[in-house]
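A closer look at the structure
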Amino acid sequence: MKKMMMICLFLLGISAVSFAQGGRQRMSTADRVKAMKENLKLSDDQVTKITAIYDAQTKSMDSLRNAGGDMRSQMRPMMQATNDKVKAILTPEQAAAYQKEMDERRARMQNGGGGGGQSNR
């Protein structure tokens, strides 16, 4: 019984470490829109339109990654354009909440916080 418990704890520890070291994996469009739907109370029509916007952005970013070169300078305007398109679909209240969330995410990234949660500093 003790051996089994130790093996389980060991595997849990290994999986936690590998998950933490996995770095930033981008959210799928479905996960991203699902989170937005919950946080911003999106309508079904908004979900459909925003999903199409994020799908198009993903395809464009994938082609940039495959082409190589200076991706950062090209991705930043693309991401801004995507955010502008999303905001155009949102109500003024939703757009304000979306912008607040984006600002908070940017602040976390600048402080080395990464994708979310609390840091251990």
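The coordinates are above.
To keep things clear, this report deals only with the structure shown in the data block. (Residues numbered from 1 in each chain as written. Predicted model: local features only at pLDDT ≥ 70, side-chain atom pairs only at ≥ 80, totals over all residues. Heavy atoms only, no water.)

This paragraph deals with the overall build of the protein chain. When helices and strands are tallied, the protein chain shows five helices and zero strands. Written out in order from the N terminus, the α and β elements of the protein chain read α-α-α-α-α. When each of the 121 residues of the protein chain is scored for burial, the buried share is 20%. At a minimum sequence separation of 6, the contacts of the protein chain that also span at least 24 residues come to 47%. With the model as given, the accessible surface of the protein chain reaches about 9400 Å², and the carbon-plus-sulfur share is 58%. (Helix = DSSP H or I, 4+ residues; strand = E, 2+ residues; numbered from the N terminus. Buried < 20%, exposed > 50% of the residue type's maximum accessible area, 1.4 Å probe, protein only. Contact = heavy atoms within 4.5 Å. Areas by Shrake-Rupley, 256 points an atom, 1.4 Å probe, with all protein chains shown as cover.)

This part takes up helix 2 (residues 29–40). Turn by turn, an α-helix covers 3.6 residues, leaving residues three or four places apart pointing in a common direction. Taking 1.5 Å as the rise per residue, helix 2 with twelve residues should run 16 Å; its terminal C-alpha atoms sit 16 Å apart, in good agreement. When helix 2 is considered as a whole, its buried residues turn out to be Thr 29, Val 33, Met 36 and Leu 40. Seen end-on, helix 2 carries its buried residues on one side only, within an arc spanning 60°. Pointing more than 90 degrees away from the buried face of helix 2 are the exposed residues Ala 30, Lys 34 and Asn 39. Positioned one or two residues after helix 2, Lys 41 has a phi angle of 55°, which is positive. (Expected span 1.5 Å × (residues − 1). Arc of directions from axis to C-beta.)

Turning to the packing of helix 2 against helix 3 (residues 44–67), a few remarks are in order. Axis separation between helix 2 and helix 3 bottoms out at 10 Å; the angle between their running directions is 145°. Every pair of crossing elements has a handedness; the one defined by helix 2 and helix 3 is right-handed. Together, Thr 29, Arg 32, Val 33, Met 36 and Lys 37 of helix 2 and Asp 44, Val 47, Ile 50, Thr 51, Tyr 54, Asp 55, Gln 57 and Thr 58 of helix 3 make up the contact between the two elements. Broken down by class, the residue content of the contact of helix 2 with helix 3 amounts to five nonpolar, four polar and four charged. (Axes fitted to C-alpha atoms, helices over the stretch in contact; angles between N-to-C directions. Left-handed = near helix turned anticlockwise from the far one by under 90°. Nonpolar A, V, L, I, M, F, W, Y, C, P; charged D, E, K, R; others polar.)

It is worth spelling out the packing of helix 4 (residues 71–89) against helix 5 (residues 92–110) at this point. Where helix 4 meets helix 5, the axes come as close as 9 Å, and the angle between the chain directions of the two elements is 150°. With respect to helix 5, the element helix 4 is oriented roughly antiparallel. In contact with Asn 83, Val 86 and Lys 87 of helix 4, helix 5 contributes Ala 95, Tyr 98, Gln 99 and Met 102. Across the contact of helix 4 with helix 5, the residue classes tally to four nonpolar, two polar and one charged. (Parallel < 35°, antiparallel > 145°, perpendicular 65-115°, else oblique.)

With that settled, the discussion passes to the pattern of salt bridges. Side chains carrying opposite charge are able to pair once their charged atoms draw close together. Per the counting criterion, the structure on display carries five salt bridges. Notably, a salt bridge pairs Lys 37 with Asp 44, separated by 3.3 Å at the nearest N-O pair. In this structure Asp 44 comes out as exposed when scored by relative accessible area, which is 57%. (Salt bridge = Lys/Arg side-chain N within 4 Å of Asp/Glu carboxyl O.)

A word on the nonpolar core. The nonpolar side chains of a soluble globular protein tend to be buried, and buried together. With 13 residues, the main nonpolar core has Met 36, Leu 42, Ile 50, Tyr 54, Val 86, Leu 90 and Tyr 98 as its most contacted residues. At the level of elements, helix 2, helix 3 and helix 5 are the ones that each hand at least two residues to this core. No other element matches helix 3, which puts four residues into this core. The contact partners of Tyr 98, leaving out residues within four places of it in the chain, are Met 36, Leu 40, Tyr 54, Asn 83, Val 86, Lys 87 and Leu 90. (Core = buried A, V, L, I, M, F, W, Y, C linked by side-chain atoms within 4.5 Å.)

Here the focus is the side chain of Asn 83. In this structure, Asn 83 sits in helix 4. Taking relative accessible area as the criterion, Asn 83 reaches 10% and is therefore assigned buried. Within the local environment of Asn 83, its side chain forms a polar contact with the side chain of Tyr 98, the two groups lying 2.7 Å apart. For Asn 83, the contacting residues outside a window of four places in its chain are Tyr 98 and Met 102. (Polar contact = N/O pair within 3.5 Å; in protein donor to acceptor, adjacent residues only side chain to side chain.)

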